[in-house]
Amino acid sequence: MSATLLLKQRHALIQQQLHADGRVLALDLARQLDVSEDTIRRDLREMAAAGLCQRVYGGALPLAPDGGTLTQRKQEAPERKARLAQAAVSLVRAGQVLFLDAGSTNLAIASALPPLALTVITNAPAIAMALMERPEIELIMAGGRVDRRAGASLGPQALRTVERMHPDLCFLGACGADADAGVTAFNYDEAELKRSIAGASKAVVVAVTSDKLGTAAPFGVLATGLLQHLVLEADADAAHVAAFERLGVQILRARA
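Basis of the calculations
For every chain, the first residue of its written sequence is number 1, and the numbers climb from 1 along that sequence. It should be noted that, the model being predicted, local features are given only for residues of pLDDT at least 70 and side-chain atom pairs only at 80 or more, the latter also being counted only at that level, while totals for whole chains, interfaces and linings use all residues. Calculated side-chain values reflect all of the structure's heavy atoms, with hydrogen atoms and water omitted. Secondary structure is summarised from DSSP: a helix means a run of H or I of at least four residues, a strand means a run of E of at least two, and numbering begins at the N terminus for each. Only C-alpha atoms enter the radius of gyration, while the globule expectation follows 2.2 Å times N to the 0.38, with N the number of residues. Only protein chains enter the accessibility calculation, which uses a 1.4 Å probe; a residue whose area is less than 20% of its type maximum is buried, one above 50% is exposed, and one in between is partly exposed. Note on contacts: a residue pair qualifies if any of its non-hydrogen atoms lie within 4.5 Å across the two residues. Think of it this way: a Phe, Tyr or Trp ring, Trp meaning its six-membered ring, pairs with another when their centres are within 6.5 Å, and the plane angle makes it stacked under 30 degrees, edge-to-face over 60, tilted otherwise. UniProt positions are given in the numbering used here, feature names are shortened, and annotations may be inferred rather than shown by experiment. Here, a disulfide means two cysteine sulfur atoms that sit within 2.5 Å of each other. Being paired, for any two strands, means DSSP has found at least two bridges between them. To obtain each axis, a line is fitted to C-alpha atoms, and for helices this fit is confined to the stretch in contact; angles are then taken between N-to-C directions over 0 to 180 degrees. By nonpolar core we mean a set of buried residues, namely Ala, Val, Leu, Ile, Met, Phe, Trp, Tyr and Cys, connected to one another through side-chain atoms within 4.5 Å. It is the directions from the helix axis to the C-beta atoms that the arc portrays.

As recorded in an unreviewed UniProt entry, the chain goes by the name DeoR/GlpR family DNA-binding transcription regulator, listed as coming from Janthinobacterium aestuarii.

Put into structure tokens, the structure is as follows:
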């Protein structure tokens, strides 16, 4: 049997286990497949480069779903995102300063904000437009170069704006969310801005659809221990929920 065939077999077995268990550990795979950990690590690097998984410390996770541009993402599961938004805005109180990060779920959160006196900071033109006709909301836009795919102002100018802000609540967009890997993103510049505003906020809220739970993207944003609130769908996997709760994250559930 050729080494190439053995390699393909290993990759297929690893992928099967990843889909079945939601994660793989290099040490367990090495024992199971009777190869060295270095061999498994090399396999995982090659699979990650091919877009088949996302490497994390000690193993790999499923790659976070890439929903395309903001325009495309807005068309996906709008009812589910609206239910997440209703749960998320239960955290909002009159007089607070909020940061609303870019993203289709956060756009739903903007639309669901209660009629309270608030200050909202955003780097997302779509969110700013959604709040333009809300006179009770003071709106601050972080400007700069707009990344059309992210639907967000990114880069130095946007960073300079958010670095001066200290919101009460930061509604952070996430490409992937896992108790071990934390909150992750696909875009390096976007991840940098997210890290900056999350670190300056009194509390961070992340609302994710179930397909993002237990997945990871290439760029780290926030360790789980720094996340205060996670808003999940009613059908969120119980094992993932328990893992976040063990790390002190408050879970809010959207209605079924």
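Having seen it, we continue.
J.: Requested: an account of the overall build of the chain, with residues and values cited.
T.: Of regular secondary structure, the chain possesses 10 helices and 15 strands. In summary, the chain has a C-alpha radius of gyration of 19 Å against a globular reference of 18 Å for 256 residues, a match within 12%. Its C-alpha atoms give the chain principal-axis dimensions of about 70 × 35 × 30 Å. Here the chain holds 256 residues, and 51% of them are scored as buried. At a minimum sequence separation of 6, the contacts of the chain that also span at least 24 residues come to 59%.

J.: Please give an account of the packing of aromatic side chains that cites residues and values.
T.: A full pass over the atoms with the stated rule returns 1 aromatic pair. Between Y188 and F219 the ring centres are 5.7 Å apart and the planes differ by 80°, which places this aromatic pair in the edge-to-face class. Taken as a pair, Y188 in helix α9 (residues 188-200) and F219 in strand β13 (residues 219-222) lie far apart in primary sequence, 31 residues in all. Note on F219: relative accessible area 29%, which makes it partly exposed.

J.: An account of the UniProt feature "domain: HTH deoR-type" (unreviewed entry) in the chain is requested, with residue identities and associated values reported.
T.: The positions that UniProt labels "domain: HTH deoR-type" (unreviewed entry) are, in the present scheme, residues 7-62. Annotated as residues 7-62, this span is 64% helix and 14% strand, and its ends, taken at the C-alpha atoms, are 20 Å apart.

J.: Help me get a handle on the environment of R83, residues and values and all.
T.: If you trace the backbone, R83 turns up in helix α5 (residues 78-88). Remark: the alpha-carbon pair of R83 and A112, spanning 29 residues in sequence, is separated by 9.5 Å. Those residues in contact with R83 that sit more than four places away from it in its chain are A254, R255 and A256.

J.: Explain the state of the cysteines to me, and be specific about the residues and the numbers.
T.: Inspection of every chain in the model, using the stated rule, returns 0 disulfides. Unpaired in terms of disulfides, C170 finds its nearest cysteine sulfur in C175, a separation of 14 Å.

J.: Could you give me a rundown of the sheet that holds strand β14 (residues 229-232), with the residues and numbers involved?
T.: Read across the sheet, 7 strands follow the order β6-β5-β4-β9-β12-β14-β15 without closing on themselves; strand pairing throughout is parallel. The open sheet has two free edges, formed respectively by β6 (137-141) and β15 (250-253), since each of these has just one partner strand. Ignoring strand direction, the axes of neighbouring strands in this sheet form an average angle of 20°. Here 5 bridges tie strand β5 (residues 118-122) to β6, and the two strands are oriented parallel to one another. In the sheet register, T119 faces β6, and the bridge partner there is E138. Across the sheet, α5 is in contact with β9 (169-171), β14 and β15; its angle to β14 comes to roughly 145°.

J.: Lay out the nonpolar core in plain terms, naming residues and giving numbers.
T.: Membership of the largest hydrophobic core comes to 36 residues, with the highest contact counts inside it found for L172, V206, L230 and F244. The element that contributes the greatest number of residues to this core is α9, accounting for 4 residues. Setting aside anything within four residues of it in sequence, one finds L172 in contact with D101, N106, V183, K194, I197, A198, V204, V205, V206, V221 and L222. Grouped together as the second largest cluster of nonpolar side chains are 33 residues, V120, I127, A152 and A254 included.

J.: Could you give an account of helix α2 (residues 26-33), with specific residues and numbers?
T.: Taken together, the buried positions of α2 are A26, L29, A30 and L33. Taken around the axis of α2, the buried residues stretch over an arc of 100°, which confines them to a single face. Looking one or two places after α2, you find D34, whose phi comes out positive at around 60°.

J.: Got a sec to walk through the sheet that holds strand β3 (residues 59-61)? Specific residues and values, please.
T.: What the 3 strands build is an open sheet, ordered β1-β3-β2; its pairing is antiparallel. With one partner strand each, in any of the chains shown, β1 (24-25) and β2 (54-56) form the two edges of the open sheet. Summarising the sheet, β2 and β3 pair through 3 bridges and their orientation is antiparallel. From the neighbouring strand, V56 faces β3, where its bridge partner is G59. Here helix α3 (residues 37-49) sits on the sheet and contacts β1, β2 and β3; the angle it forms with β2, its principal contact strand, is near 140°.

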